[in-house]
Amino acid sequence: MAWESNNIITSVKQLTEMPNVMKAVVPCYYAHPNSPIHSPAFDTSSTDDADSIPIVDFSLLSSEDPDQHSKAIQELGRACEDWGFFMVVNHGIAESLMKEMIEVANEFFEMAEEEKSRYIGQQVFDPIKYGTSFNYTSKENSYYWRDYLKLSVHPHFHSPHQPKHFREVLREYCEKCRKVTRRLLSGISESLGLEHELMKKSMDLDSGFEVFVANYYPACPQPELVMGLPPHSDFGLLTLLIQNEVGGLQLQRNGKWININPIPNSILVNTGDHLEIFTNGKYKSVLHRAVVKKVARISIGIANSPAMNVTVRPAASPLIQNERFPPLYFPTKYSEYVEMQQTHPLDGKSCLDRIKINSPPH
């Protein structure tokens, strides 16, 4: 973790509150040779392409009109196959609840460091884990300009008791998001020509593992030199994301980085590694990264995943794998995949590459 040598500084936020940091330069151990300013694909005049990101009208997925329903399912499938990112509108989650979730998350990061430090995690599967950068075990040559709070919220619900109202807001928000996710996954199964509950059954989603992650990217005096998070894909099936009014998320498409600025009251959804495995590569997870700004950014993500003990493999359907399209991935226990990802440096889709059939040895 990104501690100072005297172990006093335990977060990026604490570091930025030191006058010499915000008035001068960032510490050298936060500088990244692959930060956006050094990336040949980074061009501020052409990265913003948010208008092209698909929009999925959630209300139409449950339409009783067969034509509307069919069209919505087809659009959802195209969004997964062509982009791996899409914005969900008319999802039924109150805008006030989404804003309140961001507000109480911000209140957590504003708490005194000694209060937050009681939640510093030491193990991959600690149900409540506060930290900084990416993880505690991998040897990072440079740290990331990010503090985080990770919570296991399903099948067992965990939450810090402070700040006030955090626990109740978190519980309500997670329950609402779970309903949205289940309907999206059902629609994705339909878009593949599969029985709509196949994913729920094969992944044991009633015991599915869900992780809530609040990311805090403090204001940075030299944002061009640092990274919030490097290019990576997400584990799990789908990630649902909301943020404050500060942008910073970028996805890679056709070799270029695209800024994502979600429309108000929408939820940004991206496909994960285990959806790629389940669909045998048809719906791929997508590389994305977080850049930082001179103002603070908060994002709230919920990663929705199979049950911990489930072995994930391409769906057992001739529509997914057959003589023409053999399995592309080795069966892998979900918990082992998460541990592999969380104990190695973030490096694109390197974890998924490790379980590809006929992939080079690592």
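Up top you'll find the structure we're talking about.
Presented here is an overview of the structure given in this document. The model shown is predicted, which means the values in this text are computed figures rather than measured ones. (Residues numbered from 1 in each chain as written. Predicted model: local features only at pLDDT ≥ 70, side-chain atom pairs only at ≥ 80, totals over all residues. Heavy atoms only, no water.)

## Brief notes about the overall build of the protein chain
The secondary structure content of the protein chain amounts to 11 helices and 14 strands. Taking all 362 residues of the protein chain together, 56% fall into the buried category. Entry remark: accessible area of the protein chain is about 16200 Å², with carbon and sulfur atoms responsible for 50%. (Helix = DSSP H or I, 4+ residues; strand = E, 2+ residues; numbered from the N terminus. Buried < 20%, exposed > 50% of the residue type's maximum accessible area, 1.4 Å probe, protein only. Areas by Shrake-Rupley, 256 points an atom, 1.4 Å probe, with all protein chains shown as cover.)

## Points about the nonpolar core
By size, the foremost hydrophobic cluster in this structure holds 75 residues, and its most contacted members are Leu184, Ile188, Phe212 and Ile300. For this core, the element with the most residues is helix H7 (residues 166-191), which contributes 10 residues. Apart from the residues within four sequence positions on either side, phenylalanine 212 is in contact with Met101, Leu149, Lys150, Leu151, Val153, Phe166, Leu170, Cys174, Ile300, Gly301 and Ile302. (Core = buried A, V, L, I, M, F, W, Y, C linked by side-chain atoms within 4.5 Å. Contact = heavy atoms within 4.5 Å.)

## Focus: the pattern of salt bridges
For the structure shown, the criterion picks out 13 salt bridges. Through salt bridges that share partners, Lys13, Glu17 and Glu110 make up one connected network. (Salt bridge = Lys/Arg side-chain N within 4 Å of Asp/Glu carboxyl O.)

## Section: the sheet that holds strand E3 (residues 128-132)
Here eight strands make up an open sheet; going across it, the order is E1-E2-E10-E7-E12-E5-E4-E3 and the pairing mixed. Looking at strand neighbours, the two that pair on one side only are strand E1 (55-57) and E3, the edges of this open sheet. Here the average twist between neighbouring strands, direction ignored, is 25°. Judged from the eight bridges that link them, strand E5 (residues 210-217) and strand E12 (residues 297-304) form a sheet pairing that is antiparallel. Looking across to E12, one finds that asparagine 215 is bridged to serine 299. (Pairing = 2+ DSSP bridges. Axes fitted to C-alpha atoms, helices over the stretch in contact; angles between N-to-C directions.)

## Re the sheet that holds strand E11 (residues 288-290)
The antiparallel open sheet is built from four strands, whose spatial order is E6-E11-E8-E9. The two strands at the open ends of the sheet, each matched to only one other strand, are strand E6 (229-232) and strand E9 (256-259). Averaged over all pairs of adjacent strands, the angle between their axes in this sheet comes to 20°, without regard to strand direction. Note that strand E8 (residues 249-253) and E9 share four bridges and pair antiparallel. Counted as the bridge partner of glutamine 250 is asparagine 259 from E9.

## Remarks on helix H5 (residues 95-110)
The end-to-end C-alpha separation of H5 is 23 Å, in line with the 22 Å expected for 16 residues at 1.5 Å each. Among the residues of H5, Leu97, Met98, Met101, Ile102, Val104, Ala105, Phe108 and Phe109 are the ones counted as buried. Projected down its long axis, H5 shows its buried positions confined to an angular sector of 165°, all on one face. (Expected span 1.5 Å × (residues − 1). Arc of directions from axis to C-beta.)

## Some remarks on the pairing of strand E4 (residues 147-154)
Looking along a regular strand, one sees the side chains alternate between the two faces of the sheet. Summarising burial for E4: eight of the eight residues are buried, a large majority. As judged from the seven bridges shared by E4 and E5, these two strands associate in the antiparallel manner. When the sheet's bridge partners are listed, aspartate 147 is paired in E5 with tyrosine 216.

## Overview of a negative patch on the surface
On the surface, a cluster of negative charge is made up of Glu100, Glu103, Glu107, Glu168, Glu172 and Glu175. Relative to the assigned elements, glutamate 103 resides in helix H5. (Patch = residues over 30% accessible without salt bridge, like charges linked within 9 Å, V, L, I, M, F, W, Y side chains within 5 Å. Lys, Arg positive; Asp, Glu negative; His and termini not counted. Charge placed at Lys NZ, Arg CZ, Asp CG, Glu CD.)

## A closer look at the packing of aromatic side chains
Across all of its chains, the model carries 13 aromatic pairs by this definition. Relative to tyrosine 130, the ring of phenylalanine 108 has its centre 5.8 Å away and its plane inclined at 75°; by these criteria the two rings are edge-to-face. Of this pair, phenylalanine 108 sits in helix H5 while tyrosine 130 sits in strand E3, and the two are 22 residues apart along the sequence. Accessibility expressed as a relative area gives 1% for tyrosine 130, which makes it buried. Ring centres of phenylalanine 108 and phenylalanine 166 lie 6.4 Å apart, and the angle between their planes is 50°; this geometry places the pair in the tilted category. Taken together, the residues span a long stretch of sequence, with phenylalanine 108 in helix H5 and phenylalanine 166 in helix H7 at a distance of 58 residues. When its relative accessible area of 0% is taken as the criterion, phenylalanine 166 is described as buried. (Phe/Tyr/Trp six-rings, centres within 6.5 Å; stacked < 30°, edge-to-face > 60°.)

This is a description of form; function is not addressed.
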